[in-house]
Amino acid sequence: MHDQASILRQMASEREVAMPRNMRVIAVSSGKGGVGKTSFVVNLALALTEYNYRVIILDGDLGLANVDVAFGITPKYNIKHLLTGEKRIEDILYPIGKGIKVLPGASGMVELANLDRGQLKNVLVNLGRLEKMADILLIDTGAGLGHTVLNFISAADDVILVLTPEPPSMTDAYGLIKSIKSPTGKVNLNIVVNRVKSEAEAKQAYERLEHAVTKFLGMPISLLGWVYDDPSVGRSVMEQKPVGLSDPESYAYRCVQWIAGNVAGVYMQPPTQSSGIRGFISSLLKLK
């Protein structure tokens, strides 16, 4: 594993010609809380940087600043300061290092629907500058079927739905998928099964969900990967340090690295064509 980083960089350089020009917006959500979504997001960001991606994480959970807690940081500003015109986008981005920055969301995201023309222009100009700052915007949405969560999902280029094999999580994931509506009529929906004991358990959980979604909703979904149940993840949460930093050789993080490879198109199909941050904001506003 000593040469893993160099191998990943080589893979990344070989596929740079296929990298999307626009920033790719990926919403990560779950049907219920407590499935390890935020932990997955921060570790996915770390793994994506190994493929030479620059990543910005938007903490889209309006009730809890989970991304801040996961990294053990306390940002001074959030997107609300951008909406009021007090700060520029550069002022509120919090650098984590390794090519990752956090865009604290807070309650300001709800107010996006109520901006006047002048405020909206200012926000779009600021958010438009993200295009040059990163390759991927990862949105850690809130859990459940909230209005803002569904809008983030519907406006994103790609959606990753995190669930566990337990029946309540499976039921809630199905409920979330059933509630998704997209202005384009198409959602690129990918499944990650978290906290599994084996590959067989992960595939069995996915197949049950896929059967129900295909039969009753007629929507295509894809298995992006799974993450093994690993005590190192629990320790990392307590330490407020992602497992990708505290124990990068752990089984859980190796799973996330594989999933990052799928996101990058190294192991699976090439990345979807993205509409960029402006396309995302435009779609988001149409849904309000």
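Residues numbered from 1 in each chain as written. Predicted model: local features only at pLDDT ≥ 70, side-chain atom pairs only at ≥ 80, totals over all residues. Heavy atoms only, no water.

> Help me understand the overall build of the protein chain in this model?
Along the protein chain, the regular secondary structure elements total 13 helices and eight strands. By the burial criterion, 52% of the 288 residues in the protein chain qualify as buried. Counting contacts in the protein chain only where the partners sit at least 6 residues apart, residues at least 24 apart contribute 80% of the total. (Helix = DSSP H or I, 4+ residues; strand = E, 2+ residues; numbered from the N terminus. Buried < 20%, exposed > 50% of the residue type's maximum accessible area, 1.4 Å probe, protein only. Contact = heavy atoms within 4.5 Å.)

> Is there a simple way to explain the layout of surface pockets in this structure?
Over the atoms, a rolled probe matching the size of one water molecule traces out where space is still vacant. If you add up the space inside the largest pocket, you get close to 560 Å³. Of all the secondary structure elements, the ones that give two or more residues to the lining of the largest pocket are α2 (37-49), α3 (66-71), β7 (189-196), β8 (222-228), α10 (231-239) and α12 (251-264). Tallied by class, residues from the lining of the largest pocket come to 15 nonpolar, twelve polar and seven charged. (1 Å grid on protein atoms, 1.4 Å probe; cavity = no way out; pocket = protein on both sides within 12 Å on 5 of 7 lines; lining within 4 Å. Points joined across faces, edges and corners; volume = space filled by probe spheres on them. Nonpolar A, V, L, I, M, F, W, Y, C, P; charged D, E, K, R; others polar.)

> Is there a simple way to think about the packing of aromatic side chains in this case?
Here a ring pair, both rings aromatic, is described through the centre-centre distance and the interplanar angle of the planes. Counting across every chain of the model gives one aromatic pair. Note on F152 and F280: the rings are 6.3 Å apart at their centroids and 20 degrees apart in plane angle, and the pair reads as stacked. On the criterion of sequence distance, the pair formed by F152 in helix α7 (residues 147-155) and F280 in helix α13 (residues 276-287) is long-range, its members being 128 residues apart. Overall, F152 belongs to the buried group, its relative accessible area being 1%. (Phe/Tyr/Trp six-rings, centres within 6.5 Å; stacked < 30°, edge-to-face > 60°.)

> Can you help me understand the sheet that holds strand β5 (residues 136-141) in this one?
Adjacent strands of a sheet pair through backbone hydrogen bonds, lying either parallel or antiparallel. Strand order in the open sheet made by the eight strands is β3-β4-β2-β5-β1-β6-β7-β8, with mixed pairing throughout. One side of each edge strand has no neighbouring strand; the edge strands of this open sheet are β3 (94-97) and β8. On average, adjacent strands in this sheet sit at an angle of 25 degrees to one another, irrespective of strand direction. Where strand β6 (residues 158-163) meets β7, five bridges bridge the pair, whose relative direction is parallel. The partner of I160 across the bridge, within β7, is N190. In this fold α7 packs onto β1 (24-29), β2 (55-60), β5 and β6, with an angle of close to 140 degrees to the strand it touches most, β1. (Pairing = 2+ DSSP bridges. Axes fitted to C-alpha atoms, helices over the stretch in contact; angles between N-to-C directions.)

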